[in-house]
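# Descriptive structure summary
One letter stands for each residue in the lines below.
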Amino acid sequence: MELVGGGAQATRERFPRVIPPRRRDGDQLVYETTLIVRHRNDETTKRRTGRRCTRPARARQCRRTTLRSRERNIVPAGSRGRHTRATAAAMTMGTRVRLGPAPDVPRAARRTAVRRATSTKIGHHAARPAPTRQSPSPSSFGSSWRRTRGVRTRGPHHPRVHASSIAASYDTPDAPAPGAHPRAHRYEHPPETYRSAPGEKFLMQFGESMRIEELPEGTRVVYPGVRENAPSSPSAMRAMVESALDDPVGQPPLREKIRALVAAKGSRNVKILFAFDDVSLPLPPMRSPDIRRVIMEECERRCVEEGVDPRCIKFVCSIALHRFIRPDEFRHICGDYLYDKYSKLGATSNYNAVDEEHSVVIGRTELDEEVKVCKDFAEADMLIYANCNYVAMDGGYKSYATGLVHYTTLRYNHDSETLKKTRSLMDPARSSLHASIIRIGKVMQKHTDVFHVETVLDDNRFPFYLRWVQILFRRMNWIQKAMARISCFFLRFLPNWLRLWIFWGPLVRGQFGLVQCVAGETEAVHAQTLEANYEDAIVDVDGQADVLILAPTCIGPYTKDTYLNPLLVNTYALGYYYNMYVEGIPLLRQGGALIVVNPMPYKWTEPTHTAYKAIFEEAVAPLGPERFEEQQERFATDEALNDIYRKGLGPAAVHGFYMYTWAAHGMEKVGKVFVVGAEDARGPDVLGWERHDSVVSAVRAAKAWLRGRGTKEPDATFWQCPPVGYARVSVGSEEEAAAIRAGNVCKKTGRPRGN
């Protein structure tokens, strides 16, 4: 690598060396790169110092530095008191940096390194010398040890992942302190499972508020932990996106695909469709720039540079039956440049999944499922999909085989029967929902070339003044505890509209960093996405719970700018939170008791949730979970309710059925639900939930109910969320685990049938 700086004769030599990790955890490796910079003093030095240096020791100055994974600006070498640094994204990919005059080195290097980082090949990953010595272990977690900083990936090391998954700095001690989590160095706040102390307090989400509650002594607490932050600067995220586009998996680079299309059809005949997730992802909404904006800007630039006529490019939000995104939301996701450029051409739209004229049938699956898709998708030569992955349920074929298909196709997998067969929405391999979506997605992928770009975001969901929301109450310092208590106190007296503005307004924006970006063929991409999504987010739990305590938040995928109503509380608690498990064994045993902490106000945002209210009162209340779908076709064809959807004021009329259906798995497996803090009896009464004023009272009642059904010593568990995690539950024997996964369990006792 050369360094050219004005009249100075400077040479820069790069010596990459792979440092064995101080701690090996699976296939995780930590890398360091040492730069040795030699600067020869010449006339430039003479002009700067007023004299020419003649001593050999000073005639050749040497600076040595170790690259860290956090992005840093390159500072001119040889200057007194300065160190040579470079962005980790650039320096780990064999970048050749060319700098301008010495006074302008920092600014020029910053621009050049970011611009050139993703256009070169990854290298220097083969040599892995044996370790020469071991560093001393700290006596306790938090003790000082020499830090090893480096470029690190999530998931097994792979050159392609290495380039597009540059994570933040990690401390890697040899061994954890006694009692510490074995991977504590990879978390901002490590996961923990323990028993609550007498009178111990916990911060719980409480709808559009928060609440500090006491748990009964001995309650098991499962805290998923907050993973260490990933790179979040726009330049670092853009470098990772560019690397993914230029080095995809299972497909040629995007430029080559576009170049081949243009050569075959001509620049004015190539139709490119950009599609992206709606505002239900991520949560809370991401600060600007949204990662989907970065993806689409880079992809659009490649399209135009390769000769595609901008008039042949369209942007569509794959909302399916969700509310149309507003112009301000469209602008936030796509960015000012793309929105201004293509909205003037009439090339920005929301997909209407209700009206027939916007859809066309392109085929059927092997199980005779009709695949009716967005007409723009069917007519496009290539779909470029920008995905923002928030939980393991999302991404893959689900991105477009749900968001870009008609209501009649969604019926094949958004029904109670399919959801009841699903063994966790967060474990696609065991999900009947995902099995149907994959079949539909393969038909779509065969019809239209799909270039899929998926991202994995970190756990940095809140700005610095709200990060205490994700911390265990007993780990908070006195300032954080004071803020929590003050917030809980004042939120009780604020009107609902003001609480809504606080939780969904500009004060609460996700500060997400980018853990990984992978592009290419859908299945190959999603396999790596799931791997990164699960890593360090799975919590091992010993044994199922008899009583499970959940506290759903109002910041959910269907409550943006709206109140949390009883239908959605049921969806979040029994649909999303209950399904936060993997490998087929839920945290709550079958027939157990669920405690939901939520005020459950009977408030329905008009007109957004008008259809939700009608479904709740006219289908759910009189017919219950077994027969409510009898009314589905009537609501699906209700033109007055669908007009709300067409005007962009709310979801499609039938979407409320899918909200209740989403909880079908939980409703079937849970024996009884208790609710804490319900302000209005109408919602709990329709759902059949028993009301209580405190968690202690609800746990006492739940245990008494279970004892009456034969459980001798019921055990309660509190699952804290946020942060988001997935429970991997172990049980006594393989036979018992197999019976639970197969659903062959007695509803009354929660034990495998025949035992």
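Keep in mind that what you see is a predicted model, and the values were worked out from it rather than measured.

### Concerning the overall build of the protein
- For the protein, the helix and strand inventory stands at 27 helices and 24 strands.
- Sorting the 755 residues of the protein into buried and exposed places 61% on the buried side.
- Counting only contacts in the protein whose residues sit at least 6 apart along the sequence, the fraction spanning at least 24 positions is 78%.
- Accessible surface computed for the protein: about 29,700 Å², of which carbon and sulfur atoms make up 50%.

### A few points about the environment of Y385
- You can see Y385 is positioned in strand 15 (residues 382-386).
- Given the relative accessible area of 0%, Y385 is considered buried.
- Apart from residues no more than four positions distant in its own chain, Y385 is found in contact with A275, F276, D277, S318, S399, Y400, F451, H452 and V453.
- At 3.2 Å, the side chain of Y385 forms a polar contact with the backbone oxygen of S399.

### Points about the packing of helix 6 (residues 234-246) against helix 8 (residues 291-305)
- It is at 10 Å that the axes of helix 6 and helix 8 come closest, and there the two elements cross at 50°. Taken as axis vectors, helix 6 and helix 8 run oblique relative to one another. Crossing of helix 6 over helix 8 shows right-handed handedness. Mapping the contact onto sequence places M237, R238, V241, E242, L245 and D246 in helix 6 and I291, V294, I295, E297, E298, C299, R301 and R302 in helix 8.
- Counted by class, the contact of helix 6 with helix 8 contains 7 nonpolar, no polar and 7 charged residues.

### Digging into the sheet that holds strand 15
- Judged by pairing direction, the sheet is mixed, and its 6 strands sit side by side in the order 12-11-10-15-16-17 without closing on themselves. The outermost strands of the open sheet, each flanked by one partner alone, are strand 12 (348-350) and strand 17 (514-520). Along the sheet, successive strands turn relative to each other by an average axial angle of 20°, direction set aside.
- Summarising the sheet, strand 10 (residues 272-276) and strand 11 (residues 313-317) pair through 5 bridges and their orientation is parallel. Each bridged residue has a counterpart across the sheet, and for L273 the counterpart in strand 11 is K314.
- Where helix 8 meets the sheet, it contacts strand 10, strand 11, strand 15, strand 16 (449-457) and strand 17, and its direction lies at approximately 175° from that of strand 10.

### Overview of the pattern of salt bridges
- Under the defined criterion, the tally for this structure stands at 55 salt bridges.
- Residue E306 pairs with R255 through a salt bridge whose shortest N-O separation is 3.1 Å. Residue E306 is located in the loop between helix 8 and strand 11, and its partner R255 is located in helix 7 (residues 254-265); the two are separated by 51 residues in the primary sequence.
- Accessibility expressed as a relative area gives 17% for E306, which makes it buried.
- On the accessibility criterion, R255 (21% relative accessible area) is partly exposed.

### Quick word on the packing of aromatic side chains
- Tallied over the entire structure, the rule returns 24 aromatic pairs.
- Relative to Y400, the ring of F377 has its centre 6.5 Å away and its plane inclined at 20°; by these criteria the two rings are stacked. Of this pair, F377 sits in helix 11 (residues 375-379) while Y400 is found in helix 12 (residues 398-403), placing the two residues 23 residues apart along the sequence. Considered together, F377 and Y400 belong to a single accessibility category, that of buried residues.
- With centroids separated by 6.1 Å and ring planes inclined at 80°, the aromatic side chains of Y397 and Y400 adopt a geometry described as edge-to-face. Comparing Y397 with Y400, the two get one shared label, buried.
- Taken together, the ring pairs connect F377, Y385, Y397 and Y400 into an aromatic cluster.
- Looking at R474, its charged tip hangs above the ring of Y194, at a distance of 3.5 Å from the centre.

### Here's the deal with the confidence of the model for the protein
- On average, residues of the protein score 80 in pLDDT, and 75% of them reach the 70 mark or higher.
- Here residues 1-173 is a poorly scored stretch, pLDDT under 50, and it has 341 contacts once near neighbours within four places are set aside; other chains count.

### Quick word on the nonpolar core
- Counting residues in hydrophobic clusters, the biggest one holds 172 residues, and the most contacted among them are I272, I291, F377, L404, M444 and Y726.
- No other element matches the 8 residues that helix 19 (residues 566-577) contributes to this core.
- When sequence neighbours within four positions are dropped, the list of residues in contact with L404 reads A275, V316, S318, Y351, V373, C374, F377, L383 and M444.

### Details of the sheet that holds strand 19 (residues 545-550)
- The mixed open sheet is built from 7 strands, whose spatial order is 5-8-23-19-20-21-22. Every interior strand has two partners, whereas the edge strands, strand 5 (192-195) and strand 22 (690-692), have only one. Geometrically, the sheet is characterised by an average inter-axis angle of 25° between neighbouring strands, direction not taken into account.
- Here strand 8 (residues 220-223) runs beside strand 23 (residues 716-719); their pairing, made up of 3 bridges, is parallel. The partner of V222 across the bridge, within strand 23, is W719.
- Seen against the sheet, helix 19 touches strand 19, strand 20 (588-597) and strand 21 (672-676) and runs at an angle of roughly 140° to strand 20.

### A word on the packing of helix 7 against helix 8
- Between helix 7 and helix 8, whose axes approach to 9 Å, the crossing angle comes to 40°. Here the hand of the crossing between helix 7 and helix 8 comes out right-handed. Mapping the contact onto sequence places L254, R255 and I258 in helix 7 and C299, R301, R302, C303 and E305 in helix 8.
- Partitioned by chemical class, the residues of the contact of helix 7 with helix 8 number 4 nonpolar, no polar and 4 charged.

About the cut-offs
- Residue positions within a chain follow its written sequence, with the count starting from 1.
- Selection of residues for local features in this predicted model requires a pLDDT of at least 70, selection of side-chain atom pairs for listing and counting requires 80 or more, and totals for whole chains, interfaces and linings are taken over all residues.
- Heavy atoms from the whole structure form the basis of all side-chain values; hydrogens and water molecules are not counted.
- Strands here are runs of E lasting at least two residues and helices are runs of H or I lasting at least four, both read from the DSSP assignment and numbered beginning at the N terminus.
- Only protein chains enter the accessibility calculation, which uses a 1.4 Å probe; a residue is then buried when its area is under 20% of its type maximum, exposed when over 50%, and partly exposed in between.
- Only heavy atoms enter the contact rule, under which two residues are in contact if any of them lie within 4.5 Å.
- For the accessible areas, the method is Shrake-Rupley and the probe is 1.4 Å, while residue cover comes only from the protein chains on display.
- Here a polar contact means two N or O atoms within 3.5 Å. Within protein one must be a hydrogen donor candidate and the other an acceptor candidate, and residues neighboring in sequence count only if both atoms are side-chain atoms.
- What counts as an axis is a line fitted to C-alpha atoms, over the stretch in contact for a helix, and the angles between N-to-C directions run from 0 to 180 degrees.
- Between 65 and 115 degrees an angle is taken as roughly perpendicular, under 35 as roughly parallel, over 145 as roughly antiparallel, and anywhere else as oblique.
- Whether a crossing is left-handed or right-handed is set by the direction in which the near helix is turned from the far one by less than a right angle, anticlockwise for left-handed and clockwise for right-handed.
- In this classification, the charged set is Asp, Glu, Lys and Arg, the nonpolar set is Ala, Val, Leu, Ile, Met, Phe, Trp, Tyr, Cys and Pro, and all remaining amino acids, among them Gly, are polar.
- The rule for pairing is simple: two strands pair if DSSP sees at least two bridges between them.
- Criterion for a salt bridge: a side-chain nitrogen of Lys or Arg within 4 Å of a carboxyl oxygen of Asp or Glu.
- Only rings of Phe, Tyr and Trp enter the pairing, Trp through its six-membered ring, and a pair is recorded when the two centres are within 6.5 Å. The plane angle decides the type: under 30 degrees is stacked, over 60 is edge-to-face, the rest tilted.
- To sit over a ring, a charge needs its Lys NZ or Arg CZ within 6 Å of the ring centre and within 35 degrees of the ring normal.
- Every residue gets a pLDDT, meaning the predictor's confidence in that residue, from 0 to 100.
- Note on terminology: a nonpolar core comprises buried Ala, Val, Leu, Ile, Met, Phe, Trp, Tyr and Cys residues joined through side-chain atoms within 4.5 Å.

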